[in-house]
Amino acid sequence: MGSALPVKWDLPANGNDSRQFKGDRSPCGPSRVLHVRKVPIEVSEAELISLGVPFGRVTNLLMLKGKNQAFIEMASEEAAITMVNYYTTATPHVRNQPVYIQYSNHRELKTDNLPNQGRAQAALQAVNAVHSGNMAMGGSASGSDGALMPGQSPVLRIIVENLFYPVSLEVLHQIFSKFGTVLKIITFTKNNQFQALLQYAEPMNAHHAKVTLDGQNIYNACCTLRVEFSKLTSLNVKYNNDKSRDFTRLDLPSGDGQPTMDPGMTAAFGAPGIISSPYAGAAGFCPTIGFSQAGLSMHTMAGMGPLVSGRMTLHGMAPTAVHSVLLVSNLNPDSISPHELFILFGVYGDVHRVKILFNKKENALIQMADATQAQLAMSHLNGQRLHGKVIRVTVSKHQTVQLPREGQEDQGLTKDFSGSPLHRFKKPGSKNFQNIFPPSATLHLSNIPPSVTEDILKDLFSGPGYTVKAFKFFQKDRKMALIQLGSVEEAIQALIDLHNHDLGENHHLRVSFSKSTI
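Residues numbered from 1 in each chain as written. Predicted model: local features only at pLDDT ≥ 70, side-chain atom pairs only at ≥ 80, totals over all residues. Heavy atoms only, no water.

1. Quick notes on the overall build of the protein chain
Step number 1: A count of helices and strands for the protein chain gives ten helices and 25 strands.
Step number 2: A burial count over the protein chain gives 50% of its 518 residues as buried.
Step number 3: Considering only contacts in the protein chain between residues 6 or more positions apart, those separated by 24 or more positions represent 72%.
Step number 4: Here the protein chain has roughly 23,600 Å² of accessible surface; of this, 50% comes from carbon and sulfur atoms. (Helix = DSSP H or I, 4+ residues; strand = E, 2+ residues; numbered from the N terminus. Buried < 20%, exposed > 50% of the residue type's maximum accessible area, 1.4 Å probe, protein only. Contact = heavy atoms within 4.5 Å. Areas by Shrake-Rupley, 256 points an atom, 1.4 Å probe, with all protein chains shown as cover.)

Encoded structure:
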């Protein structure tokens, strides 16, 4: 946006749009300007700014109180993306009312010439001053301006002090997932303190989590988080149980039964199993996140809410267990089909159902086997190009994808793949769990019969118009090969087109993304 924001906005009053389908909105492309809907009229500037503080610096704010809407500008598009991804899975509440956040079609806010912006600017200065102060207190891990240092680790070391109430791996996952995709967690006791190592997908996620959570209480006046960067750059998790978890490896064993907490921890926690009781209403342990040093009149940090919600899941269950349905938007309606989405998303988990929306064919709902697979698919496929368009993948509010009623007109847009033989992860302990990689221009081919030569495979991929840049068979096993195409977008389409291609001799080609290059 090169000019000041227009005074008249072409937006629905009160932020309602009944034409949208059941709570899922088709977002604009990523922008550092975010549109907030259904904002309570009595809300303060500071409360709205605090929606963005956990994810990075807030650089501008415009409130449209008459329309119950607002615009928040973040310092970077990356911070805005992290914020939208989080609030898609956990609707923020301001003044006990839900608000809804999506990307704006504005690239920046120009509010210099607009009236009544003094309060917003004063609130911005106050919140950012506190935020910068928190960063400065973080020590040498970040620069004097709180910026991420080059080579910073994505691994955090967490110590929980004043441990008067149990803190489990699931609780840590719930809290730290607010700042990005958590890949691995290891919990342990050292020097009679409950500690954890937690690895994010990106160092920036770790940076934002450290800045915001260090010194915060999980519950009122107890369970204080001390967060610092670890010297480790990656964690090696051997078992998935109540002490350690690798969210990218569903096939890991649990070890010799579910290990119990060591005696020191049991004494601190009280009776085993207390973790599965709801925290809401437990005497003296109302969830909190103290932000009193900000000088803002908030008992909780607006938007983030309590560090731990009042409704806890059962012990051993991931807090996102219900979020296995994804909303995919900005699809090419003239080219996409349920089968294509099944094959592509099936690289990251077993797809049970796909529904391309009847009246908005650029949108689709995809039901994965579980929340972990949905998270993997979202983190790897959001922002990729498919049929010439950059697709957006977020978690849907729907818990299942409904099949059409008998006789209902559907045009074949809804498909049930729950019984498909093409599921890659249906066998427990399958090696496919260990070979999940982001989309890349190099594809891994397997199940190649002896009679199929390099030229045959090159012709197979170049026939539809793909550019074959390189090819090689595995030296030790000619059933497998690598093929490098002209771009990641070409490789995505080639995988969709040629996975399960019949090569003869009862061999169907298996195609996946490779971490290697040729």
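Don't stop here, the text continues.
2. Some thoughts on helix α7 (residues 338-345)
Step number 1: Most of α7 sits out of view: seven of its eight residues are buried.
Step number 2: Of the residues making up α7, those classed as buried are Pro-338, Glu-340, Leu-341, Phe-342, Ile-343, Leu-344 and Phe-345.

3. Focus: the sheet that holds strand β18 (residues 392-395)
Step number 1: Spatially, β18-β13-β15-β14-β19 is the arrangement adopted by the five strands of the open sheet, whose pairing is antiparallel. The sheet terminates laterally at β18 and β19 (414-416), the two strands that pair on one side only. Strand-to-strand twist across the sheet, computed as the mean angle between neighbouring axes with direction ignored, equals 20°.
Step number 2: Here four bridges tie strand β13 (residues 325-329) to β18, and the two strands are oriented antiparallel to one another. Counted as the bridge partner of Ser-329 is Arg-392 from β18.
Step number 3: The strands touched by α7 within the sheet are β13, β14 (351-356), β15 (364-368), β18 and β19, with β14 carrying the most contacts at an inclination of about 140°. (Pairing = 2+ DSSP bridges. Axes fitted to C-alpha atoms, helices over the stretch in contact; angles between N-to-C directions.)

4. Observations regarding empty space enclosed by the protein
Step number 1: This model, assessed by the stated rule, comprises four cavities of 30 Å³ or more.
Step number 2: Looking at the second largest cavity, its volume works out to about 60 Å³.
Step number 3: Forming the walls of the second largest cavity are Phe-342, Ile-343, Gly-346, Gly-349, Asp-350, Val-351, Leu-422, His-423, Arg-424 and His-499.
Step number 4: Taken together, the residues of the lining of the second largest cavity sort by class into four nonpolar, four polar and two charged. (1 Å grid on protein atoms, 1.4 Å probe; cavity = no way out; pocket = protein on both sides within 12 Å on 5 of 7 lines; lining within 4 Å. Points joined across faces, edges and corners; volume = space filled by probe spheres on them. Nonpolar A, V, L, I, M, F, W, Y, C, P; charged D, E, K, R; others polar.)

5. What about the nonpolar core?
Step number 1: Residues Leu-326, Leu-341, Phe-345, Leu-386, Leu-443, Leu-445 and Phe-461 are the most contacted members of the largest nonpolar core, which totals 54 residues.
Step number 2: Counting residues per element, this core draws most heavily on helix α10 (residues 488-498), at six residues.
Step number 3: Once you skip the residues sitting within four places of it in the chain, Leu-326 turns out to touch Phe-345, Ala-364, Leu-365, Ile-366, Met-368, Ala-374, Ala-377, Met-378, Val-393, Thr-394, Val-395 and Ser-396. (Core = buried A, V, L, I, M, F, W, Y, C linked by side-chain atoms within 4.5 Å.)

6. Some thoughts on the packing of α7 against α10
Step number 1: Following both chains from N to C, one finds α7 and α10 inclined at 110°, their axes separated by 9 Å at the closest point. Considering the angle they form, α7 stands roughly perpendicular to α10. Note on element contacts: α10 touches α7 through Ile-492, Gln-493, Leu-495, Ile-496 and Asp-497, opposite Glu-340, Ile-343 and Leu-344.
Step number 2: The class makeup of the residues in the contact of α7 with α10 is five nonpolar, one polar and two charged. (Parallel < 35°, antiparallel > 145°, perpendicular 65-115°, else oblique.)

7. Overview of the environment of Met-63
Step number 1: Within the secondary structure, Met-63 is located in strand β2 (residues 58-64).
Step number 2: We classify Met-63 as buried; its relative accessible area is 16%.
Step number 3: The spacing of Met-63 and Leu-48 is 15 residues in sequence and 9.0 Å in space, taken between C-alpha atoms.

8. What to know about the environment of Lys-469
Step number 1: Following the sequence through the fold, Lys-469 ends up in strand β21 (residues 468-473).
Step number 2: As a C-alpha pair, Lys-469 and Ala-441 span 28 residues in sequence and 9.7 Å in three-dimensional space.
Step number 3: When neighbours within four sequence positions are excluded, Lys-469 is seen to be in contact with Gln-484, Leu-485 and Gly-486.

9. Remarks on the side chain of Ser-324
Step number 1: Within the secondary structure, Ser-324 sits in the loop between α6 (263-269) and β13.
Step number 2: Take Ser-324: its relative accessible area is 10%, and that puts it in the buried class.
Step number 3: Once residues lying within four places of it in the same chain are set aside, the contact partners of Ser-324 are Ile-366, Gln-367, Met-368, Asp-370, Ala-371, Ala-374 and Gln-399.

10. Regarding the environment of Val-393
Step number 1: Looking at the secondary structure, you find Val-393 in strand β18.
Step number 2: Residues Val-393 and His-380 lie 13 residues apart in sequence; the distance between their C-alpha atoms is 9.3 Å.
Step number 3: Once residues within four sequence positions are removed from consideration, Val-393 is found in contact with Leu-326, Leu-327, Val-328, Phe-345, Met-378, Leu-381 and Asn-382.

11. Thoughts on the sheet that holds strand β3 (residues 69-74)
Step number 1: Read from one edge to the other, the open sheet built from four strands follows the order β2-β3-β1-β6, with strand pairing classed as antiparallel. The open sheet has two edge strands, β2 and β6 (100-103), and neither has a second partner. The sheet shows a mean angle of 20° between the axes of neighbouring strands, taken without regard to direction.
Step number 2: The sheet strands contacting helix α1 (residues 45-52) are β1 (33-37), β2, β3 and β6, and the helix crosses β2 at an angle near 130°.
Step number 3: Sheet contacts for helix α2 (residues 77-89): β1, β3 and β6; angle to β6, the most-contacted strand, approximately 140°.

12. With respect to the pairing of strand β22 (residues 481-485)
Sheet faces and side chains relate simply in a regular strand, where the side chains alternate between the two faces.
Step number 1: Most of β22 sits out of view: four of its five residues are buried.
Step number 2: Two strands pair when backbone bridges link them, and β21 and β22 are joined in this way by five bridges, in the antiparallel orientation. Looking across to β22, one finds that Phe-471 is bridged to Ile-483.

13. Some points on the packing of aromatic side chains
Step number 1: A complete count under the given rule lists two aromatic pairs for this structure.
Step number 2: On the basis of an interplanar angle of 5° and a centroid distance of 4.2 Å, the ring pair of Phe-342 and Phe-417 is categorised as stacked. Placement of Phe-342 in helix α7 and of Phe-417 in the loop between β19 and β20 (442-446) is noted, with a sequence separation of 75 residues between them. No difference in accessibility class separates Phe-342 from Phe-417, as the two residues are buried.
Step number 3: Seen in terms of ring centroids, Phe-471 and Phe-473 are 5.2 Å apart; in terms of plane orientation they differ by 85°. Their pairing is edge-to-face.
Step number 4: The exposure class assigned to Phe-471 is buried, which follows from its relative accessible area of 10%.
Step number 5: On the basis of relative accessibility, which here comes to 16%, the residue Phe-473 falls in the buried class. (Phe/Tyr/Trp six-rings, centres within 6.5 Å; stacked < 30°, edge-to-face > 60°.)

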